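# Close look at the chain arrangement
The lines below spell out each chain.
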Amino acid sequence: MAKHEEVKNGVIFPSGEKNEAFAHYFTGQSYLKTLIADPEVSVGVGNVTFEPGCRNNWHIHRDGFQLLLVTGVEGWYQEQGKPAQFLKAGDVIVTHEGVKHWHGAAKDSWFEHIAITAGTPEWLEPVTDEEYSKLK
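Definitions and limits used
- Residues numbered from 1 in each chain as written.
- Predicted model: local features only at pLDDT ≥ 70, side-chain atom pairs only at ≥ 80, totals over all residues.
- Heavy atoms only, no water.
- 1 Å grid on protein atoms, 1.4 Å probe; cavity = no way out; pocket = protein on both sides within 12 Å on 5 of 7 lines; lining within 4 Å.
- Points joined across faces, edges and corners; volume = space filled by probe spheres on them.
- Helix = DSSP H or I, 4+ residues; strand = E, 2+ residues; numbered from the N terminus.
- Nonpolar A, V, L, I, M, F, W, Y, C, P; charged D, E, K, R; others polar.
- Patch = residues over 30% accessible without salt bridge, like charges linked within 9 Å, V, L, I, M, F, W, Y side chains within 5 Å.
- Areas by Shrake-Rupley, 256 points an atom, 1.4 Å probe, with all protein chains shown as cover.
- Salt bridge = Lys/Arg side-chain N within 4 Å of Asp/Glu carboxyl O.
- Buried < 20%, exposed > 50% of the residue type's maximum accessible area, 1.4 Å probe, protein only.
- Core = buried A, V, L, I, M, F, W, Y, C linked by side-chain atoms within 4.5 Å.
- Contact = heavy atoms within 4.5 Å.
- Phe/Tyr/Trp six-rings, centres within 6.5 Å; stacked < 30°, edge-to-face > 60°.
- Lys NZ or Arg CZ within 6 Å of the ring centre and 35° of its normal.

The protein goes by Cupin domain-containing protein in an unreviewed UniProt entry, where it is assigned to Fictibacillus marinisediminis.

Estimated volume of the largest pocket: approximately 470 Å³. In terms of lining residues, the largest pocket is bounded by 24 residues, among which Phe22, Leu32, Gln66, Ala115 and Thr117 are the most central. Among the elements of the structure, strand E3 (30-36), strand E4 (44-50), strand E6 (59-72) and strand E11 (111-123) are those that each provide at least two residues to the lining of the largest pocket. When residues in the lining of the largest pocket are grouped by element, the largest group, seven residues, is from E11. Class assignment for the residues of the lining of the largest pocket results in 12 nonpolar, 12 polar and no charged.

What follows is about a nonpolar patch on the surface. A contiguous nonpolar patch, built from Val11, Ile12 and Phe13 and spanning about 280 Å² of accessible area, is present on the exposed surface. Under the relative-accessibility criterion, Ile12 is labelled exposed at 60%.

Let us look at the nonpolar core. Counting 12 residues, the largest nonpolar core is built from Phe26, Val48, Phe50, Cys54, Leu68, Val70, Tyr77, Leu87, Ile93, Ala105, Phe111 and Ala115. Of all the secondary structure elements, the ones that give two or more residues to this core are E4, E6 and E11. The residues touching Phe50, leaving out its near neighbours within four places in the chain, are Phe26, Gln29, Ser30, Arg55, Asn56, His103, Gly104, Ala105, Trp110, Phe111 and His113. Formed by seven residues, the second largest nonpolar core is a distinct cluster that contains Trp76, Trp102, Tyr132 and Leu135.

This part covers the packing of aromatic side chains. Applying the stated rule across the entire model yields nine aromatic pairs. Where Phe50 meets Phe111, the ring centres are 5.5 Å apart and the plane angle is 45°; that geometry is what we call tilted. Here Phe111 lies in strand E11 and Phe50 lies in strand E4, a separation of 61 residues in the sequence. Of the two residues, Phe50 and Phe111, neither departs from the other in class, the shared state being buried. On the numbers, 5.4 Å between centres and 75° between planes, the contact of Trp76 with Phe86 is edge-to-face. Of this pair, Trp76 sits in strand E7 (residues 75-79) while Phe86 sits in strand E8 (residues 85-87), and the two are 10 residues apart along the sequence. Directly above the ring of Tyr132 sits Arg55, whose terminal nitrogen or CZ lies 4.2 Å from the centroid. Here the guanidinium or amino end of Lys107 rests over the ring plane of Tyr132, the centre of that ring lying 6.0 Å away.

The following block contains the structure:
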């Protein structure tokens, strides 16, 4: 049994449905519950839940940013050229426009964060199994 399996039911907000719309930008299974999708508001807000080992591809936010509010442990965040950061509940990540990065669950743990996103994501290559397996 994976650590923190209770996260799959949502910590604060529901985990949502399988994230089929963005599945081709993820390795593993994620779930998405859209919290704010108002065309009159310039940001989207969603609760993203990752099964153990799930991570999104490298990506860049164009003409915007992304804020991650970690609500359920344990996961990773990495910017290109920098070491990966271990994440736990209560951590906050600010990703500025144009910064190549990825985020996702630890190998043996569920992970959840609220993503507040402005601008347009540019999806890039997957995080390789080799890159991911080096995380401690």
